[in-house]
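Coordinate analysis (summary)
One letter stands for each residue in the lines below.
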Amino acid sequence: MLSIDGGGMRGLIPIAMLAELEAQLGQPVQEIVDMVGGTSSGAIIAAGMGLGMTAQEILDEVYKTRLPAAFPSRNLFFWLRYLFGGLRHFYSLEPFLEALKPLAEGKRIRDLQHPIVLMVTKDLRTSNSYFIVSRGPGASAFGHWPVAGAVGASGAAPVYFPPVLGNLVDGGVGEFGNPCMAVAVEALEYIGPEAGFIANEVILLSLGTGYLLNTLADGEGSRWNITNWVPYYINEALDDAALQQAFSTRAIYGEQMDFRRYNPLLTTENIVDRLGLQIPRGVQPEKLGLDSTSTVEIDLMEAIGRAYAHAIDWRISGLMPWDTIGGHPKPAITPVNWTGSAYV
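Note that the structure is predicted; figures quoted are calculated from it, not measured. (Residues numbered from 1 in each chain as written. Predicted model: local features only at pLDDT ≥ 70, side-chain atom pairs only at ≥ 80, totals over all residues. Heavy atoms only, no water.)

Quick word on the pairing of strand S6 (residues 203-207)
Burial analysis of S6 places 4 of its 5 residues in the buried class, which makes it a mostly covered element. The pairing of S6 with strand S7 (residues 258-262) spans 5 bridges and is parallel. Within the sheet, the bridge partner assigned to Leu207 lies in S7 and is Tyr262. (Buried < 20%, exposed > 50% of the residue type's maximum accessible area, 1.4 Å probe, protein only. Helix = DSSP H or I, 4+ residues; strand = E, 2+ residues; numbered from the N terminus. Pairing = 2+ DSSP bridges.)

Looking at the packing of helix H3 (residues 55-66) against helix H5 (residues 93-104)
The angle between the axes and the distance between the axes are what describe a pair of packed helices. Remark: H3 packs on H5, axes separated minimally by 10 Å, with the N-to-C direction vectors making an angle of 160°. On the basis of the axis angle, H3 is roughly antiparallel to H5. You can see that H3 and H5 cross each other, and the crossing is right-handed. Residues Glu61, Val62 and Arg66 of H3 form the contact with H5, whose participating residues are Ala99, Pro102 and Leu103. Classifying every residue of the contact of H3 with H5 gives 4 nonpolar, no polar and 2 charged. (Axes fitted to C-alpha atoms, helices over the stretch in contact; angles between N-to-C directions. Parallel < 35°, antiparallel > 145°, perpendicular 65-115°, else oblique. Left-handed = near helix turned anticlockwise from the far one by under 90°. Contact = heavy atoms within 4.5 Å. Nonpolar A, V, L, I, M, F, W, Y, C, P; charged D, E, K, R; others polar.)

Some details on the pairing of strand S4 (residues 128-133)
As defined by bridge partners, strand S3 (residues 116-123) adjoins S4 across 6 bridges and the pair is classed as antiparallel. Across the sheet, the residue bridging to Met119 is Ile132, located in S4. Counting the residues in the hairpin turn of S3 and S4 gives 4 residues, including Ser127, whose phi is positive at 65°.

Structural notes on the side chain of Glu236
Within the secondary structure, Glu236 sits in helix H9 (residues 226-253). Within the buried set, Glu236 has no salt-bridge partner at all; the shortest N-O distance to an opposite charge, 11 Å, is to Arg10. A polar atom in the side chain of Glu236 sits 2.8 Å from the side chain of Asn214. (Lys, Arg positive; Asp, Glu negative; His and termini not counted. Salt bridge = Lys/Arg side-chain N within 4 Å of Asp/Glu carboxyl O. Polar contact = N/O pair within 3.5 Å; in protein donor to acceptor, adjacent residues only side chain to side chain.)

Section: the packing of aromatic side chains
Evaluation of the coordinates by the stated rule reveals 11 aromatic pairs. For the pair Trp224 and Trp229, a centre-to-centre distance of 4.9 Å together with 70° between the ring planes defines the contact as edge-to-face. Within the aromatic cluster, the residues linked to one another by ring pairs are Tyr130, Phe142 and Trp145. (Phe/Tyr/Trp six-rings, centres within 6.5 Å; stacked < 30°, edge-to-face > 60°.)

A look at unusual backbone geometry
Cis geometry is found at the peptide bond from His114 to Pro115, where omega equals -5°. Along the chain, the position of Pro115 falls in the loop between H5 and S3. Phi angles above zero are rare outside glycine, and Val159 is one such case at about 80°. On the secondary structure map, Val159 appears in the loop between helix H7 (147-155) and strand S5 (168-170). Residue classification places Val159 among the partly exposed residues on the basis of a relative accessible area of 44%. The residue Leu165 is not glycine, and still its phi comes out positive at about 60°. Of note, Leu165 is situated in the loop between H7 and S5. Of the residues examined, Leu165 reaches a relative accessible area of 75% and is grouped as exposed.

A few points about the nonpolar core
Ranked by internal contacts, the top residues of the largest apolar core, which has 71 residues, are Leu2 and Leu18. For Leu2, the residues in contact, after removing those within four places along its chain, are Leu18, Val29, Val33, Met35, Val36, Gly37, Met49, Val183, Leu204, Leu205 and Leu207. Counting residues in hydrophobic clusters, the runner-up holds 24 residues, among them Leu118, Ala187, Val202 and Met257. (Core = buried A, V, L, I, M, F, W, Y, C linked by side-chain atoms within 4.5 Å.)

Brief notes about the environment of Ala182
Residue position: Ala182 is located in helix H8 (residues 180-191). The class of Ala182 is buried, set by a relative accessible area of 6%. It is 9.0 Å that separates the C-alpha atoms of Ala182 and Gln245, two residues lying 63 residues apart in sequence. Not counting the four nearest positions on each side in its chain, Ala182 is found in contact with Leu118, Phe131 and Phe176.

Quick word on helix H11 (residues 295-311)
Between its first and last C-alpha atoms H11 spans 24 Å; for 17 residues at 1.5 Å apiece the expected length is 24 Å, and the two agree. Buried within H11 are the following residues: Glu297, Ile298, Leu300, Met301, Glu302, Ile304, Gly305, Arg306, Ala307, Tyr308 and Ala309. The inward-facing, buried residues of H11 abut helix H1 (12-25), H3, S7 and helix H10 (268-273). (Expected span 1.5 Å × (residues − 1).)

Here's the deal with the environment of Val202
Looking at the element boundaries, Val202 is found in the loop between H8 and S6. The class of Val202 is buried, set by a relative accessible area of 6%. Taking C-alpha positions, Val202 is 10.0 Å from Asp34, a pair spaced 168 residues apart along the chain. Aside from chain neighbours lying at most four places away, what touches Val202 is Met1, Leu188, Phe197, Met257 and Asp258.

Interpretation in functional terms is not warranted from these geometric data alone.
Following this line, the structure appears as structure tokens:
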């Protein structure tokens with residue numbers, strides 16, 4: 001099984017990893033896996049595989065050709081439209097849907113038979129997360145949904161895009177930006193042996209879209225105001241949720257499956273020293289985001305994914321990112337000096 005995080009254009013990193021894996025194996029990924037789950041950008045990849053596309057085709061046709069059109073340049077007109085539009089969302093959903101529609105036109109979720117596809121979205125009317133799945137008990141509720149609509153719903157990130165139909169937003173709003181636990185539960189608890197998902201006979205590969213450090217200098221937080229705290233809170237909520245999903249999946253299903261998590265660290269030092277890449281002038285890996293669409297940024301994200309995939313020994317079971325070359329570091333406790341403080 002395969003699980004892919006959300007991350008907008010940073011989905012280039014895991015799809016490049018999968019394209020590199022295809023090159024190493026000489027076989028399309030969708031022929032190797034029995035189920036692929038994704039949130040937001042990961043949903044694009046999952047749906048593409050469900051439609052029979054190889055990882056290389058998704059990389060070339062979606063991420064490098066079609067998807068950048070969904071993120072127009074932030075020029076004066078952009079900011080005026082955002083301002084007079086009520087500060088609701090940066091981008092229109094139509095170019096995003098147009099980027100996906102030719103790949104899935106006329107297709108419904110029930111048409112995605114192999115691999116089984118799972119996507120996550122949240123319904124604002126109830127705050128419920130929906131696990132849109134193409135097979136198993138949940139398929140009856142979502143089988144009639146259009147593929148393009150489901151992918152759009154899973155990727156409608158607040159601030160960036162408006163809700164689909166005014167109600168459905170990015171599945172990463174909450175705790176499923178990394179859907180690995182949802183994939184594990186759906187496969188082992190609901191779909192089960194009918195599709196070959198048998199305890200102790202399952203491998204789940206979880207791919208992130210890159211880890212950004214949010215570290216601060218000692219005492220820096222005491223000088224922050226709301227403009228600092230809001231972006232920090234959002235980034236930390238997403239990163240913490242992704243990591244905790246991986247920890248929880250391993251803790252709950254570690255005895256029933258071979259769970260592996262891969263996620264590169266997006267720092268200049270790591271990319272140059274550990275992955276052996278050169279950073280193009282004017283590009284900061286630490287600032288690669290959901291809407292990074294310049295040619296040099298796209299090329300760099302592809303290079304990061306391929307280099308990281310090349311550095312991985314895919315045969316080793318039970319890996320976490322810090323067990324891989326170039327993976328994000330293991331959480332650690334930093335000493336706190338309480339001496340002389342008012343709390344002692």
